[in-house]
Every structure is written in C-alpha cells, then in structure tokens.
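Observations on chain architecture
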Amino acid sequence: MLLAEELLLLALDDETGRVRLSELDKGLAGAVMLELALLERVRVTEKGESGRAGRLVLRTGPAPAHPVLATGLDVLRDREGRKPEYVLNALAKGLRERLADGLVEAGVLRREWHKVLGLFPTRRLPARETGHESAVRERIGSALDGATPDERTAALIALLSALKGLTTVFDLPDKRAARRRAKEIAEGQWAAAAVRKAVEAVYVATISSVTVAAAGDGSGN
C-alpha cells in the first residue's frame, strides 16, 4: 500500500468516514513525493551542487507501476527545479479522490453519501476492512515508544508531525512526549542521505502550508 493511502486511512474516522486532519491534501501530496524519493526517482539538491540548493531533481528509471505514482512523477517532471513547497498544490489536485477510489475498489473503504442540512450531498469513507491500518498503527506506536522505525514508518510519522495531526489520529497518554519523539524521528538518521533530504524538504514544506492555512482562517493551532 502507498504511503499516501496509509496516511488517508489514518486520517479517516473508521466509523463515520470523516476526515480528521486539516490540510490533509498537502500531506497526501507530500506522501507521494516521499514515496518517489524512496523509489529513488526524485531527490532534493544540496549545497555545493551546481544550481540552487533545495530544488527537486528527477532521477532516471522505469515508470512507477502504481498509477498514482506515475501521475505524480509526471507532475514533478513538469516542475523540475522548483522547491517542494511550490509543487504540493499541483500534486494534490484530485489526489484524494484517486486514492479513495483505489481503496474502495480494494475493499478497504466503502463510500457513503450523506446530506448536510438535509440539502447538500457529501461523501464519507468509513472503513470496510481495518487490518492494514491496524498494522500501520502498531508500527507507528512501536516507534513512538522508542523502537527504531523503518523508512516508511518514519516517513509517515514525519508527515503526521508536519500536519500537527499525530495526537488527533492517535489516542496517546503523553501527547507532549509523543510530539517530541515524532519530531526526533522526522529529523533523525533513519534513511539514506538523499531520502533524508527529501523528507526534510517535504516536512518543512508541509509545515509551511499548514501554518499559512491556519493564519489565513484565523484558527491558529
């Protein structure tokens, strides 16, 4: 399952199918970018390289098998050389719907329609099967308790931390300690240098997007 699919499952309430995270679409876009970094199809330039640091560069290789990743790579190809924060919106366009369609087709989610105020139809995505999500939650829980995470688990924790959603989707006894541990993981040495650089860039870009959105609606955090 894709990182973006796992993030979507964590963000959805299993019973009601409602999204529990603000700025989820930016997080999903970041998850696609990180998946492509893990596949060594994209990286972020560093100081000392020709050109400017912190820019997206594509690497050669076969087309990703999953259509969501293939589409994401095409989006990045058209925007190569930009900073990650300037491509998240393009990556996010239609992404949640494509991910949801795939999870419904796979029997992991089901689609329900409700009316808001009895008038406006809205779609919800309650769980049909929770086995995979439970396994993801167990991996993340172990990492928060001190276990060394694998690359994919650490990437998910970094995204949840950037979205300020860790304590929303997890019922944690010590929220402050969990946030601190998540930040440590996001900034840790758990992956190869190129992947760490991509995680750092996506982490910062997602935090920036969430902060700007919060300032725009006056909600704060």
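Above this text is the structure in question.
What counts, and where the lines are drawn
Chains are numbered independently. Their residues run from 1 in the order of the written sequence. Thresholds applied to this predicted model are a pLDDT of at least 70 for local features of residues and 80 or more for the giving and counting of side-chain atom pairs; totals over whole chains, interfaces and linings are not thresholded and use all residues. Remark: hydrogens and water are excluded; side-chain values derive from all non-hydrogen atoms of the structure. The way it works is a 1 Å grid over only the protein atoms, where trapped points that fit a 1.4 Å probe form a cavity and open points with protein on both sides within 12 Å along at least five of seven lines form a pocket, and then any residue with an atom within 4 Å of a point lines it. Grid points are joined across faces, edges and corners, and a volume is the space filled by probe spheres set on the points. Runs of H or I in DSSP of at least four residues are treated as helices and runs of E of at least two as strands, each being numbered from the N terminus. Amino acid classes used here: Ala, Val, Leu, Ile, Met, Phe, Trp, Tyr, Cys and Pro are nonpolar; Asp, Glu, Lys and Arg are charged; the rest, including Gly, are polar. Here the term patch refers to residues with relative accessible area over 30% and no salt bridge, with like charges joined within 9 Å and nonpolar side chains (Val, Leu, Ile, Met, Phe, Trp, Tyr) within 5 Å. To measure how exposed things are, a 1.4 Å probe is used in the Shrake-Rupley method; for residues, cover is taken only from the protein chains shown. By definition here, a salt bridge exists when the distance from a side-chain nitrogen of Lys or Arg to a carboxyl oxygen of Asp or Glu is within 4 Å. His is not counted here, nor are the chain ends, while Lys and Arg score as positive and Asp and Glu score as negative. Where a charge lies is defined by one atom per residue type: Lys uses NZ, Arg uses CZ, Asp uses CG and Glu uses CD. The span you would expect from a helix comes to 1.5 Å times its residue count less one. Remark: exposure states derive from per-residue accessible area (1.4 Å probe, protein chains only) relative to the maximum for the residue type, with buried under 20%, exposed over 50%, and partly exposed in between. Working definition: the arc comes from the directions between the helix axis and the C-beta atoms, pointing outward to the latter. Contacts are residue-level and defined by heavy atoms, with any inter-residue pair within 4.5 Å sufficient.

Describing the layout of surface pockets
Here the largest pocket is characterised by a volume of approximately 250 Å³. Contributions of two or more residues to the lining of the largest pocket are made by α7 (151-162), α8 (166-169), α9 (175-186) and α10 (193-217). Partitioning the lining of the largest pocket into residue classes produces six nonpolar, four polar and three charged.

Some remarks on a positive patch on the surface
A surface patch of positive charge is lined by K175, R176, R179 and R180. Here R176 shows up in helix α9.

Observations concerning α9
With twelve residues, α9 extends 16 Å from end C-alpha to end C-alpha; this agrees with the ideal 16 Å at 1.5 Å per step. By the burial criterion, the buried members of α9 are A178, R181, A182, I185 and A186. Taken down its axis, α9 places every buried residue within 140 degrees of arc, on the same side.

Some thoughts on helix α1 (residues 3-11)
Summarising burial for α1: nine of the nine residues are buried, a large majority. Those residues of α1 lying buried are L3, A4, E5, E6, L7, L8, L9, L10 and A11. Lining the buried residues of α1 we find α2 (24-38), α5 (95-105), α6 (131-144), α7 and α8.

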